[in-house]
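Breakdown of the fold
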Amino acid sequence: MPVFRTMRRRGARVLLWTLLIAILLFGIKYCFEARARVRADNNPDGWWSSASDVQDEAYTAKRASIGNNTILLRLYRTGDPTLLAERSYQKHGVEILWTEHELIYDTSDASYLGGGTQLPPTRLDNFLAKLP
């Protein structure tokens, strides 16, 4: 029985260190992305704007290059400065495509987000857009 307890304690320590390292790495990545967003905000001439051609131009997308072929995309309601959604993605030469229910910014993305933003944006999008 003492061998089992020792193994369990060791396993718990390894799991704890793994979680701490993962949190540290994600924190560092988030800090670099936040710095890039601040740099983009400080350069207002670097933004491109596109109004939706569906839903009576209810939404406006703004995008800026934040380095290393990375694009920062922000979604606003037209005429309102409140940020609704924000994404960053790798540049693949795809222009913004507006559909009735989605803003598509990357057709090659097969991840969870799928290269698009739902219109209207979800509550999770609104919450994430408010983070620094």
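Anyway, here's the lowdown on the structure attached to this text. Keep in mind that this is a model prediction, so the values were computed, not measured. (Residues numbered from 1 in each chain as written. Predicted model: local features only at pLDDT ≥ 70, side-chain atom pairs only at ≥ 80, totals over all residues. Heavy atoms only, no water.)

Observations concerning the sheet that holds strand β4 (residues 83-90)
Within the open sheet, the four strands sit side by side as β1-β2-β3-β4. Their pairing is antiparallel. The strands lining the two open edges of the sheet, one partner per strand, are β1 (47-51) and β4. Strand-to-strand, the axes of this sheet are offset by a mean angle of 20°, without reference to chain direction. Where strand β2 (residues 59-67) lies against strand β3 (residues 70-77), eight bridges are found, and the strand directions are antiparallel. Residue Thr60 lies in a different strand from β3, and its bridge partner there is Tyr76. (Pairing = 2+ DSSP bridges. Helix = DSSP H or I, 4+ residues; strand = E, 2+ residues; numbered from the N terminus. Axes fitted to C-alpha atoms, helices over the stretch in contact; angles between N-to-C directions.)

Structural notes on unusual backbone geometry
Cis rather than trans, the peptide bond between Leu119 and Pro120 has omega equal to -5°. Mapped onto the elements, Pro120 comes out in the loop between β7 (116-118) and α2 (123-130).

So, the pairing of β4
The buried fraction of β4 amounts to six of the eight residues, a majority that puts the element mostly inside the structure. Here seven bridges tie β3 to β4, and the two strands are oriented antiparallel to one another. Within the sheet, the bridge partner assigned to Thr70 lies in β4 and is Gln90. (Buried < 20%, exposed > 50% of the residue type's maximum accessible area, 1.4 Å probe, protein only.)

Considering the pattern of salt bridges
Under the criterion given, the structure shown has four salt bridges. Glu33 is the partner of Lys29 in a salt bridge, and the nearest nitrogen-oxygen pair spans 2.8 Å. In this pair, Lys29 and Glu33 both sit in helix α1 (residues 2-41), four residues apart, roughly one turn of the helix. Where Arg37 meets Glu86, a salt bridge forms, and the shortest distance between an N and an O atom there is 3.5 Å. With Arg37 in helix α1 and Glu86 in strand β4, this residue pair connects regions lying 49 residues apart in the sequence. Connected through shared salt-bridge partners, Arg37, Arg74 and Glu86 make up one network. (Salt bridge = Lys/Arg side-chain N within 4 Å of Asp/Glu carboxyl O.)

Topic: the packing of aromatic side chains
Here the structure, examined in full by the defined rule, presents zero aromatic pairs. Positioned above the aromatic ring of Tyr76, the side-chain terminus of Lys62 is 5.4 Å from the ring centre. (Phe/Tyr/Trp six-rings, centres within 6.5 Å; stacked < 30°, edge-to-face > 60°. Lys NZ or Arg CZ within 6 Å of the ring centre and 35° of its normal.)

Some points on the sheet that holds β7
Taken in spatial order, the three strands line up as β5-β6-β7 in an open sheet, and their pairing is antiparallel. In this open sheet, the two edge strands, each paired with only one partner strand, are β5 (97-98) and β7. Two strands pair when backbone bridges link them, and β5 and strand β6 (residues 102-104) are joined in this way by two bridges, in the antiparallel orientation. By the bridge assignment for β6, Trp98 is matched with Leu103.

Here's the deal with a nonpolar patch on the surface
Residues Leu16, Trp17, Leu20, Ile21, Leu24, Leu25, Ile28 and Phe32 make up a contiguous nonpolar surface patch of roughly 850 Å² in combined accessible area. With respect to the helices, strands and loops of the structure, Phe32 is situated in helix α1. (Patch = residues over 30% accessible without salt bridge, like charges linked within 9 Å, V, L, I, M, F, W, Y side chains within 5 Å. Areas by Shrake-Rupley, 256 points an atom, 1.4 Å probe, with all protein chains shown as cover.)

Topic: the pairing of β2
Judged from the five bridges that link them, β1 and β2 form a sheet pairing that is antiparallel. Residue pairing for β2: Ser50 is matched across the bridge by Ala61. What sits between β2 and β3 in their antiparallel hairpin is a turn of two residues, with Asn68 showing a positive phi close to 50°.

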